[in-house]
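# Secondary and tertiary structure notes
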Amino acid sequence: MEDLMTWLAQQPLLQQIGQDNAYMSHAGIPPQWDLQQAIEQANFANVRLSSPDRNHWLAAMYGEKPDDWQQVKTEEDKFRYTVNAFTRMRYCFEDKRLEFANKSSPDALKSNSQPAPHIQPWFELSPTITQTTWVFGHWAALMGHCSVPNIYALDTGCVWGNHLTLLRWHDKKTFTEPSHKRGIQTKQLKLNN
């Protein structure tokens, strides 16, 4: 188990795709950062996650504050904001602060009978996105649909019984594979016994 944890801790939060002006992260890039800041902050967090002091940083990771890059005061704040942005972000407030409560699709949020909160998908607020190509997951409710060109939302809810989406990079063609959820549940039961 320790070998797996070490391997996971060494994986980047942000990955450039080949030599292209294209990047991949689990959840996206916060709209308060430009690309260079995103690269620097991903490296900052990766160094800490792969350090001998990893457990300290993992303990400091949890929490929803700061949600505003301008409010970051300590290294722990910087680390928490960075990890949250790269792994948990879906929506941001109009002032570009991270918002964590809403997980629904933008269409579902608009059609809700409740007054819509003043939030937008992170990719609609990010000026960096118009200058790059971005690949992300984490947001199954999007079902692969994104309102911004050159953005590929790949999470299509396989774990929830929908399908797995794959992107062939050289021609941007997507492929899907139906969920084998019953098989996953069976394997989980076998592992737990």
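Coordinates for the structure precede this section.
Residues numbered from 1 in each chain as written. Predicted model: local features only at pLDDT ≥ 70, side-chain atom pairs only at ≥ 80, totals over all residues. Heavy atoms only, no water.

## Thoughts on the pairing of strand E6 (residues 133-136)
Here is the rule we go by: Per-residue accessibility, obtained with a 1.4 Å probe over protein chains only, is compared with the maximum for each type, and a residue is labelled buried under 20%, exposed over 50%, and partly exposed between these values. Helix numbers and strand numbers start at the N terminus; a helix is a DSSP run of H or I with at least 4 residues, a strand a run of E with at least 2. By definition, two strands form a pair when at least two bridges between them are found by DSSP.
By the alternation rule, side chains of E6 split into Thr 133 and Val 135 and Trp 134 and Phe 136, which are all buried. The pairing of strand E2 (residues 22-25) with E6 spans three bridges and is parallel. Looking at the pairing, Ala 22 lines up with Thr 133 of E6. Two elements, E6 and strand E7 (residues 151-153), share three bridges in a ladder whose sense is parallel. Its bridge partner lying in E7, Trp 134 is registered against Ile 151.

## Focus: the pattern of salt bridges
The condition is simple: A pair is scored as a salt bridge if a Lys or Arg side-chain nitrogen falls within 4 Å of a carboxyl oxygen belonging to Asp or Glu.
This model, assessed by the stated rule, comprises eight salt bridges. Put simply, Glu 75 and Arg 48 hold a salt bridge, and the shortest N to O gap is 3.5 Å. With a gap of 27 residues between them, Glu 75 in helix H4 (residues 75-87) and Arg 48 in helix H2 (residues 35-49) connect regions that are remote in the sequence. Under the relative-accessibility criterion, Glu 75 is labelled partly exposed at 42%. For the salt bridge of Asp 95 with Arg 97, the shortest nitrogen-to-oxygen distance reads 2.8 Å. What makes Asp 95 partly exposed here is its relative accessible area of 44%.

## Let's talk about the pairing of E2
Here strand E1 (residues 14-16) runs beside E2; their pairing, made up of three bridges, is antiparallel. Residue Leu 14 lies in a different strand from E2, and its bridge partner there is Ser 25. Taking the residues that link successive antiparallel strands as the turn, the E1-E2 hairpin has five residues, and the phi of Gly 18 there is positive, at about 55 degrees.

## So, the sheet that holds strand E3 (residues 91-93)
Overall, antiparallel pairing links the three strands, which are arranged E4-E3-E5 in an open sheet. In this open sheet, the two edge strands, each paired with only one partner strand, are strand E4 (98-99) and strand E5 (119-121). Pairing of E3 with E4 involves two bridges; the strand directions are antiparallel. In the strand pairing of E4, Tyr 91 is matched with Glu 99.

## Some points on the side chain of Asn 46
Defined as follows: Polar contact is the term for a pair of N or O atoms within 3.5 Å; when the atoms are in protein, one must be able to donate a hydrogen and the other to accept it, and sequence-neighboring residues count only if both atoms are side-chain atoms. Residue contacts are defined here by distance: any two heavy atoms, one from each residue, within 4.5 Å place the two residues in contact.
Here Asn 46 is to be found in helix H2. A distance of 3.0 Å separates a polar atom in the side chain of Asn 46 from the backbone oxygen of Gln 11. Within the structure, the side chain of Asn 46 is placed 3.3 Å from the backbone nitrogen of Leu 13, a separation counted as a polar contact. Residue contacts for Asn 46: discarding those within four places in its chain leaves Ala 9, Gln 11, Pro 12 and Leu 13.

## Quick look at the packing of aromatic side chains
How we decide: Ring geometry is summarised as follows: Phe, Tyr and Trp rings, the Trp one being its six-membered ring, pair when their centres sit within 6.5 Å, and such pairs are stacked at plane angles under 30 degrees, edge-to-face over 60 and tilted between the two.
Applying the stated criterion to the full structure yields 13 aromatic pairs. Between Tyr 91 and Trp 139 the ring centres are 4.8 Å apart and the planes differ by 70 degrees, which places this aromatic pair in the edge-to-face class. Taken together, the residues span a long stretch of sequence, with Tyr 91 in strand E3 and Trp 139 in the loop between E6 and E7 at a distance of 48 residues. Here Tyr 91 and Trp 139 have matching classes, each one buried. A ring pair is formed by Trp 122 and Phe 123, whose centres lie 5.5 Å apart and whose planes are at 80 degrees; its orientation type is edge-to-face. Given a relative accessible area of 0%, Trp 122 falls into the buried group. Among the residues examined, Phe 123 registers a relative accessible area of 3% and is labelled buried.

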